[in-house]
Structures are given as C-alpha cells and as structure tokens.
Amino acid sequence: ALSTSLDIGLSNWSFLYVTVSLYTMTKSSAILFILLFSLLFKLEEVRVALLLVVLLIAGGLFMFTYKSAQFNAQGFMLVLCASFLGGIRWTLTQLLMQKAELGLQNPIDIMFHLQPLMFLGLFPLFVVFEGLPLSISEKLFHFHEAGRMLFSLVGKLFLGGILAFGLGFSEFLLVSRTSSLTLSIAGIFKEICILFLATHLLGDRLSLLNWLGFAVCLSGISLHVLLKAMNSKGEKALKLPEEASSNPDLELLLHHTERGE
C-alpha cells in the first residue's frame with residue numbers, strides 16, 4: 001500500500017515539471033524494476049535473454065531523455081522514483097493476489113484492503129507539501145462564483161475517481177490472472193496512444209533521437225513478450241506428459257492402445 005501510494009503521488013507530482021510525453025517514456029522504465037524485483041522474489045529466472053531485454057530498455061531510456069527539448073531533471077527523478085516504487089508495487093501485488101490462502105484473488109478484495117492504507121501513506125505528504133498553501137487559498141475560502149466552481153471541481157474529481165477505480169480494478173484483475181510483467185508489457189499500446197495524443201493535442205516536442213530511443217525501448221519490451229510466450233508454450237508441452245503419466249486411467253488407455261487392444 002505504501003509503495004502504491006508513493007508511486008501515484010510521485011507520478012502526479014512530476015507533472016509540475018515534465019511533459020506528458022517525457023513522463024510516459026520515463027515511466028515505461030518500470031518494467032526494469034519489475035524484472036529486478038521479480039528476480040529477487042524468484043518470480044522469474046535469470047537468463048541471458050533477460051539481460052538483453054534490460055540493456056535494450058535501459059539504452060532506449062537514455063536515448064529518449066538525452067538532450068530532450070523539454071527535459072527537467074527534478075521531474076525526471078520523480079518519475080524514475082515512481083517507476084522504482086512501481087516495480088515493488090506490482091511484484092508484491094502479484095505475490096499477494098496469487099497466494100490462494102490469502103483469499104485476495106478478487107480485485108475488489110485487495111482494493112478494499114489497500115485503499116485505506118494508501119490514504120494513510122499519502123496524507124502526511126499532502127499535509128507537508130500542500131496543507132498550508134491549500135489552507136490559505138482563495139479558492140477554498142474566498143473564491144467567487146462558489147456554486148459553479150465547486151460543482152465543476154466535484155464533477156472532475158468524481159470523473160477522475162471513476163476512471164481511477166476502473167483502471168485499478170482492471171490492473172489488479174490482470175495481475176491476478178497473469179503476472180506483473182504482463183501488466184507492464186500490456187501498457188505498450190497505452191503508452192503509444194499517450195505519446196500520439198501528447199504530440200498532437202498538447203504540443204509536446206520530441207526529436208528523432210527521442211523517438212528512436214522509445215522504439216529501442218519498445219523493442220526490448222517486445223522481445224520479452226516473445227520470450228515469455230515461447231517459455232509458456234514450452235512449459236505447457238512439458239506439463240502434458242507429466243499429467244498423462246500421473247493419470248492411471250490414461251496410462252491404461254495408452255497401454256491398451258500400444259498392445260492393439
């Protein structure tokens with residue numbers, strides 16, 4: 001819950017300093033940290049192919065932040081810290097949701113337990129960094145046209161809350177059925193859409209080197225997808241003979257078949 005709240009808090013905080021495109025590309029590095037913690041918690045095995053994936057993603061990250069026209073070091077570090085915490089967040093989430101004895105396979109169950117703790121994790125930061133400015137803000141106590149502004153603010157918060165709930169529910173559901181790495185990889189399409197919208201609607205500027213770096217980063221992620229799919233097929237192929245040998249009825253049927261009966 002603490003890593004989740006800090007991931008969200010630092011990600012939102014970074015928008016004060018970075019553009020949507022830089023945020024999106026930097027946040028894609030979360031897969032590096034997910035890989036790291038998956039290895040530490042023995043959810044993944046060390047392989048040479050994984051090192052290649054890590055090098056591609058790290059190289060791509062360097063390229064799309066190198067001499068960026070809208071690069072901000074403080075915002076970049078905030079996003080990078082959020083990505084690190086995101087790696088811890090989703091690896092631990094996978095461990096929690098895939099342990100049958102805990103009974104947290106349902107996304108609603110884990111959200112019910114996590115959300116109050118997330119609030120407690122973010123509230124001290126809110127008090128320190130935003131408490132005083134908000135308490136003396138004209139918008140809170142002395143703003144004009146109170147009704148219309150309050151209605152607009154509550155409406156935006158309500159819409160954002162619904163979207164956040166839907167996003168959290170779908171993410172937890174995916175992790176419970178697959179893995180944290182699969183969740184991160186599935187975000188490729190989302191990141192491409194965000195970059196397209198940021199450049200066309202918000203006017204974000206990206207150089208050719210930045211786009212090339214993002215392409216290298218995506219190639220590393222795509223390679224991981226391919227390797228993951230090949231490994232899962234190999235595991236299924238190995239499980240079939242084992243299941244057949246453990247089924248006495250199937251063994252008897254195969255024995256009769258071999259004898260021509």
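The rules we used
Residues numbered from 1 in each chain as written. Predicted model: local features only at pLDDT ≥ 70, side-chain atom pairs only at ≥ 80, totals over all residues. Heavy atoms only, no water. Core = buried A, V, L, I, M, F, W, Y, C linked by side-chain atoms within 4.5 Å. Buried < 20%, exposed > 50% of the residue type's maximum accessible area, 1.4 Å probe, protein only. Helix = DSSP H or I, 4+ residues; strand = E, 2+ residues; numbered from the N terminus. Salt bridge = Lys/Arg side-chain N within 4 Å of Asp/Glu carboxyl O. Expected span 1.5 Å × (residues − 1). Polar contact = N/O pair within 3.5 Å; in protein donor to acceptor, adjacent residues only side chain to side chain. Phe/Tyr/Trp six-rings, centres within 6.5 Å; stacked < 30°, edge-to-face > 60°. Contact = heavy atoms within 4.5 Å.

Q: Just checking my understanding: could you explain the nonpolar core for this structure?
A: If you look at soluble globular proteins, the nonpolar side chains tend to sit buried side by side. Counting 14 residues, the largest nonpolar core has Met25, Val53, Ile57, Leu195, Phe214 and Ile221 as the members making the most contacts within it. Among the secondary structure elements, those contributing two or more residues to this core are helix H3 (30-40), helix H4 (48-65) and helix H11 (208-245). When residues in this core are grouped by element, the largest group, five residues, is from H11. By size, the runner-up hydrophobic cluster in this structure holds ten residues, among which are Ile34, Trp90, Met97 and Met118.

Q: For this particular structure, what's the right way to read the pattern of salt bridges?
A: If the charged atoms of two oppositely charged side chains come close together, the side chains can form a pair. In this structure the tally under the stated criterion is three salt bridges. Residue Arg89 is joined to Asp7 by a salt bridge in which the shortest nitrogen-to-oxygen separation is 2.9 Å. Remark: Asp7 occurs in helix H1 (residues 2-14) and Arg89 occurs in helix H5 (residues 73-97); sequence separation between them is 82 residues. Across this residue pair, the class does not change: Arg89 and Asp7 are buried.

Q: Can you walk me through H5 in this structure?
A: An α-helix turns once every 3.6 residues. As a result, residues three or four positions apart point the same way. In a regular helix each residue adds 1.5 Å, so 25 residues correspond to 36 Å; H5 covers 36 Å between its end C-alpha atoms and thus fits that length. Measuring from the side-chain oxygen of the N-cap residue of H5 to the backbone nitrogen of Gln74 gives 3.1 Å; that N-cap residue is Asn72.

Q: Could you clarify how one ought to interpret the environment of Cys81 in this entry?
A: Considering the arrangement of structural elements, one finds Cys81 in helix H5. Along the backbone, Cys81 and Leu10 are 71 residues apart, and their C-alpha atoms lie at a distance of 7.4 Å.

Q: Looking at this structure, I do not really get the packing of aromatic side chains. What am I missing?
A: Where two aromatic rings form a pair, the distance of their centres and the angle of their planes describe that pair. Per the counting criterion, the structure on display carries seven aromatic pairs. For the ring pair Trp90 and Phe172, a centre distance of 5.7 Å and an interplane angle of 55° mean the geometry is tilted. Separated by 82 residues along the polypeptide, Trp90 in helix H5 and Phe172 in helix H8 (residues 146-177) bring together distant segments of the chain. For the residue pair Trp90 and Phe172, the accessibility class agrees, reading buried in each case. With 5.5 Å between their ring centres and 35° between their planes, Phe119 and Phe123 make a pair best called tilted. Here Phe123 and Phe119 lie together in helix H6 (residues 107-135), a separation of four residues that amounts to about one turn. Its relative accessible area of 39% is what places Phe123 among the partly exposed residues. Taken together, the ring pairs in this structure connect Phe33, Phe37 and Phe84 into an aromatic cluster.

Q: How should I be thinking about the environment of Met111 in this particular structure?
A: Along the polypeptide, Met111 turns up in helix H6. The spacing of Met111 and Ala1 is 110 residues in sequence and 9.6 Å in space, taken between C-alpha atoms. Filtering out sequence-adjacent residues up to four positions away, Met111 remains in contact with Pro116, Phe165, Gly168, Phe169 and Phe172.

Q: I tried to follow helix H2 (residues 20-27) on my own but got confused; where do I start?
A: Taken across its eight residues, H2 has seven buried, putting it largely inside the fold. Every buried residue of H2 is listed here: Ser21, Leu22, Tyr23, Thr24, Met25, Thr26 and Lys27.

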